[in-house]
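# Structural overview for review
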Amino acid sequence: MSITPVVLTIAGSDSGGGAGIEADIKTFATLGVHGTCAITSVTAQNTKGVLSIYDLPPHIISEQINAVCSDMDVKWAKTGMLSSAEIIEIVSKEARSNGLSLVVDPVMAAEAGGDLLRKDAIRVLKEKLLPLSKVITPNIYEARTLSGIDIKSVDDAKKAAKIMAESGVDVVIVTGGHLDASDVVYESASDKFTVIPGKFLEGGTHGSGCTYAASITAFLSKGYSIVEAAMLAKSFVEMSIVSSVKVGHGVGPVNQIGSTLKNAHRYETLHNTISAANILVSCGEFGKLIAEVGCNIAMGIPEACVVADVAGVSGRIVRVRGVPHIAGNVEFGGSNHVARMVLAAMRFDPSIRAAINLRYSEKVLRICRDMGLSISSFDRADEPDHVSTMDWGVTFAIENSCSTALKKVPDIIYDVGGVGKEPMIRLFGKSAEDVARKTVMIAELYSANSDIDLNG
Ligand code: PXL
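Residues numbered from 1 in each chain as written. Predicted model: local features only at pLDDT ≥ 70, side-chain atom pairs only at ≥ 80, totals over all residues. Heavy atoms only, no water.

Right, let's get into the side chain of S62. Take S62: it is sitting in helix 2 (residues 58-71). Classification of S62 as buried rests on a relative accessible area of 11%. Contacts of S62, omitting those with residues within four sequence positions, involve I90 and E94. (Helix = DSSP H or I, 4+ residues; strand = E, 2+ residues; numbered from the N terminus. Buried < 20%, exposed > 50% of the residue type's maximum accessible area, 1.4 Å probe, protein only. Contact = heavy atoms within 4.5 Å.)

One open sheet holds the nine strands; their spatial order is 3-2-1-4-5-6-7-8-9, and the pairing between them is mixed. Edge positions in the open sheet fall to strand 3 (49-55) and strand 9 (192-196), since each of these has one partner strand only. Going from strand to strand, the sheet's axes swing by 20 degrees on average, the running direction of each strand aside. Summarising the sheet, strand 1 (residues 6-14) and strand 4 (residues 74-79) pair through four bridges and their orientation is parallel. Along strand 4, the bridge assignment pairs L8 with A77. (Pairing = 2+ DSSP bridges. Axes fitted to C-alpha atoms, helices over the stretch in contact; angles between N-to-C directions.)

In space, the seven strands of this open sheet follow the order 14-11-10-15-18-17-16, with mixed pairing throughout. Each edge of the open sheet is held by one strand with a lone partner, namely strand 14 (330-332) and strand 16 (375-377). For this sheet the average axis-to-axis angle between neighbouring strands, irrespective of direction, equals 20 degrees. When strand 10 (residues 297-300) meets strand 11 (residues 310-313), the two strands line up antiparallel, connected through two bridges. Directly across from G300, in strand 11, lies its bridge partner V310.

It is worth spelling out the packing of helix 3 (residues 85-97) against helix 4 (residues 122-129) at this point. Running from amino to carboxyl end, helix 3 crosses helix 4 at an angle of 10 degrees, the nearest separation of the two axes being 9 Å. Of the possible angle classes, the one that applies to helix 3 and helix 4 is roughly parallel. In this structure, helix 3 uses A85, I88, E89 and S92 to contact helix 4, whose residues at the interface are V124, L125, K128 and L129. Split into classes, the residues belonging to the contact of helix 3 with helix 4 amount to five nonpolar, one polar and two charged. (Parallel < 35°, antiparallel > 145°, perpendicular 65-115°, else oblique. Nonpolar A, V, L, I, M, F, W, Y, C, P; charged D, E, K, R; others polar.)

For the protein chain, the assigned domains read domain 1 (6-255) and domain 2 (262-448). In this structure, domain 1 and domain 2 have C-alpha centres spaced 49 Å apart. (Domains from an automatic or database assignment.)

The end-to-end C-alpha separation of helix 6 (residues 154-165) is 16 Å, in line with the 16 Å expected for twelve residues at 1.5 Å each. D156, A157, A160, A161, M164 and A165 are the residues of helix 6 that are buried. Contacts made by the buried residues of helix 6 are with strand 6 (133-136), helix 5 (140-147), strand 7 (171-174), strand 8 (183-187) and strand 9. (Expected span 1.5 Å × (residues − 1).)

Bringing the packing of aromatic side chains into the picture now. Applying the stated criterion across every chain yields a total of five aromatic pairs. When the centroid spacing of 5.7 Å and the interplanar angle of 85 degrees are considered together, the rings of F219 and Y224 count as edge-to-face. Judged by its relative accessible area of 36%, Y224 falls in the partly exposed class. Centroid distance Y360 to Y414: 6.0 Å. Interplanar angle 40 degrees. Geometry classified as tilted. Remark: Y414 occurs in strand 17 (residues 412-415) and Y360 occurs in the loop between strand 15 (354-359) and helix 11 (362-370); sequence separation between them is 54 residues. The exposure class of Y360 is buried, given its relative accessible area of 13%. Its relative accessible area of 18% is what places Y414 among the buried residues. Put simply, the rings of F378, W392 and F396 touch in pairs and so form one group of aromatic residues. (Phe/Tyr/Trp six-rings, centres within 6.5 Å; stacked < 30°, edge-to-face > 60°.)

Further remarks concern the site of the ligand. Close contacts around the ligand come from 13 residues, with Q45, A110, L116, H206 and C210 the closest. Between an oxygen atom of the ligand and a side-chain N or O atom of Q45, the distance comes to 2.6 Å. Here the ligand loses 95% of its free accessible area of 310 Å² to cover by the protein chains. If one sorts the elements of the shell around the ligand by residue count, strand 1 sits on top with three residues. Tallied by class, residues from the shell around the ligand come to six nonpolar, five polar and two charged. (Near = heavy atom within 4 Å. Polar contact = N/O pair within 3.5 Å; in protein donor to acceptor, adjacent residues only side chain to side chain. Areas by Shrake-Rupley, 256 points an atom, 1.4 Å probe, with all protein chains shown as cover.)

This is the structure:
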């Protein structure tokens, strides 16, 4: 068993689940370290702002820190909201006595507004906590308060970092989310600056500062150097912003696990599609259902919105002397036509994530009907100019499949072709394996009922 680092966050709770302790613990879990916490204040908060704050008594904060540190081997800790001089004093004392290496996020205000640090506590923060800190991560407003420099450029951020380092902190990182998106890292021992460029991204930012400091703490606990940790933390925050969730009416919370989940979905989807392709080629009867243009089976990740989010067979499934063969590999972006059909179906029902195209015949349609599958169709003659046929055809067939406002994706959508266009049957389902299993049933019934062969 590998050793999981244990890290501690000493911070406030955000009832809205966006920032504070909640952001820190989600960050730690996503990055594979064990997160522990000492709660300093409870905030009643949502995406629109802070409604009220209740500070916990200092001895309870101290007992939480000692409970964790007396049992677990904690080296790195992170501080967030420390709202009063009294709290800063007790946290400084406990950090010192437990030998903690501190990453201090000098939190002063909430993203959506609301003071989180009393003005009279700033002096104590500078005098008691900063000298103990290994790393501090102020944004430009916090850096201005701590250094007296109004930051309008990277050069101003560098000047401010040097002034803040005079308090005894080893590394100052002025985060640039409110400037040009680049972070300035100042290592005081070597008097070295590193500027880490960034980009502004679409998405909610509530909790981005907490997530940044928590992720630096996690990376430092894993043994990365400070510049490596700062670069990794920056890209982690960027991914969390891109994946932010649309909840509430104010500033949307970042989503630390979004990108990890997307990767997990990609793995599951690829695996399912490979298994489906193998189910198909293990069925000899399936050869009879392969279209002239070949077949493809495709499946999208739950959040699919482009062809690259849909797995399919790069060279299609083809018939060689009557036997089905996988040509190419199952990969994301491997299918174009079937992927577009999947994307169109998912817009109506996100649970219908997979499809296959099959050789058209009246007999196959009849078997599908007898199996109780729902069927709809489109006519290429109705297709407007300058549209993707798959997108338009599937959308048309879904919209015309039932009269209710809530449209259901039919199991089967077919068209009888057009000039130079092969007629085709398309089967939809919740997963590629689901579609493959239904296809095998159709293929077996097709082979078993040669007497009702109309034109297939
Ligand atoms: O992002 C700073 C911050 C820290 N801690 C708590 C917060 C916030 C911002 O909203 O609520 C508890």
